[in-house]
Amino acid sequence: MRRILTSTMQGRCPTCGISLAGCICAQLPRFQARPAILFLQHPQEERKPTNSTRLTVRLLGNTEIRRWERTAPDLPRGPCVLLYPFPEASVLAPADLERGTVVIPDGTWAQAARIANVLRRNPALEVRRLPEASLQAWRLRQATENGRFSSGQAAAMVLEIAGEPDASRKLIEVLDEAARRMLQQRGIMPPGPSVPATPPPPPIL
Ligand SMILES: [Zn+2]
């Protein structure tokens, strides 16, 4: 299993997951944004080329990935809130971000749900969800997709709530660009205005 997972990353940048020739990491800025974010990452997510959390950590100080191994790893000192849309969750507020760390489960939706369900039993963790306005803006923006968002995109919404719009915007741009390059690499031209038209084939002399 390990060999299979590792082979998916061969020839790719370990951070953005794009082929080394198309890697975007060297040009990325670094933001010291205010909210502290901890991604609790399912082990199978770790070696996926399309992992948005690695790029998010590359871009933002104050963010960290810890590996989930069936049980929760140590959480940071101080107040933490779990970001997950449980029915009892109250809306994430700027005050939550000033006080402590936002914990975001990272994996497929099923893996993230399992992680969140374990964390939910920890009485020290209060549960928060993203505000409906952020989700609606996201749905509008992603009208042609299935409405799911990655952990990195969730982090961008957290930044917006924290009053860090520049970092939020840049993170979204970088995630979009990484996704675009990944699709190009697979020979799939994604829809959207940011994609350059395929150049015509060179004339045959
Ligand atoms: Zn890279």
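Criteria and cut-off values
Residues numbered from 1 in each chain as written. Predicted model: local features only at pLDDT ≥ 70, side-chain atom pairs only at ≥ 80, totals over all residues. Axes fitted to C-alpha atoms, helices over the stretch in contact; angles between N-to-C directions. Helix = DSSP H or I, 4+ residues; strand = E, 2+ residues; numbered from the N terminus. Parallel < 35°, antiparallel > 145°, perpendicular 65-115°, else oblique. Contact = placed C-beta atoms within 7 Å. Nonpolar A, V, L, I, M, F, W, Y, C, P; charged D, E, K, R; others polar. Core = buried A, V, L, I, M, F, W, Y, C linked by C-beta atoms within 7 Å. Buried ≥ 20, exposed ≤ 12 C-beta atoms within 10 Å, placed from the backbone. Pairing = 2+ DSSP bridges. Arc of directions from axis to C-beta.

Peer 1: Explain the packing of helix α2 (residues 52–59) against helix α6 (residues 151–161) to me, please; I cannot follow it from the model alone.
Peer 2: Helix-helix packing is described using two parameters, namely the angle between the two axes and the distance between the axes. Two numbers describe how α2 lies on α6: the axes approach to 7 Å, and their chain directions differ by 40°. Judged by the inter-axis angle, α2 sits oblique to α6. Of α6, the residues touching α2 (which contributes S52, T53, L55 and T56) are S151, G152, Q153 and A155. Considered class by class, the residues forming the contact of α2 with α6 number two nonpolar, six polar and no charged.

Peer 1: What is the right way to look at the nonpolar core in this model?
Peer 2: Where a protein is soluble and globular, its nonpolar side chains tend to be buried together. Core analysis: the largest hydrophobic core is formed by 42 residues, its most contacted members being L83, V103 and V158. Those elements that place two or more of their residues in this core are β1 (36–41), α2, β3 (80–83), β5 (101–106), α4 (109–119), α6 and α7 (165–185). Top element by residues in this core is α6. It accounts for seven residues. Contacts of V158, omitting those with residues within four sequence positions, involve P35, I37, L92 and V102.

Peer 1: What's the story with the sheet that holds strand β6 (residues 125–129) in this structure? I'm lost.
Peer 2: Whenever strands of a sheet pair, they do so through backbone hydrogen bonds, lying parallel or antiparallel. Spatially, β2-β1-β5-β3-β6-β4 is the arrangement adopted by the six strands of the open sheet, whose pairing is parallel. Only two strands of the sheet have a single neighbouring strand rather than two, namely β2 (63–67) and β4 (90–91). Relative to β5, β1 runs parallel, the two being bridged by six bridges. Bridge pairing links I37 to V102 in β5. Contacting β1, β2 and β5, α2 runs over the sheet at an angle of about 145° to β2. Contacting β1, β3, β5 and β6, α4 runs over the sheet at an angle of about 135° to β5.

Peer 1: Any chance you could explain α4 here in plain terms?
Peer 2: Working note: α-helix, 3.6 residues per turn, so residues spaced by three or four point in the same direction. Buried residues of α4: A112, I115, A116 and L119, and no others. Projection of α4 onto a plane perpendicular to its axis shows the buried side chains occupying an angular sector of 100°, all on one side. Facing away from the buried side of α4, by more than 90 degrees, are the exposed residues A110 and N117. Buried positions along α4 lie against β1, β3, β5 and β6.

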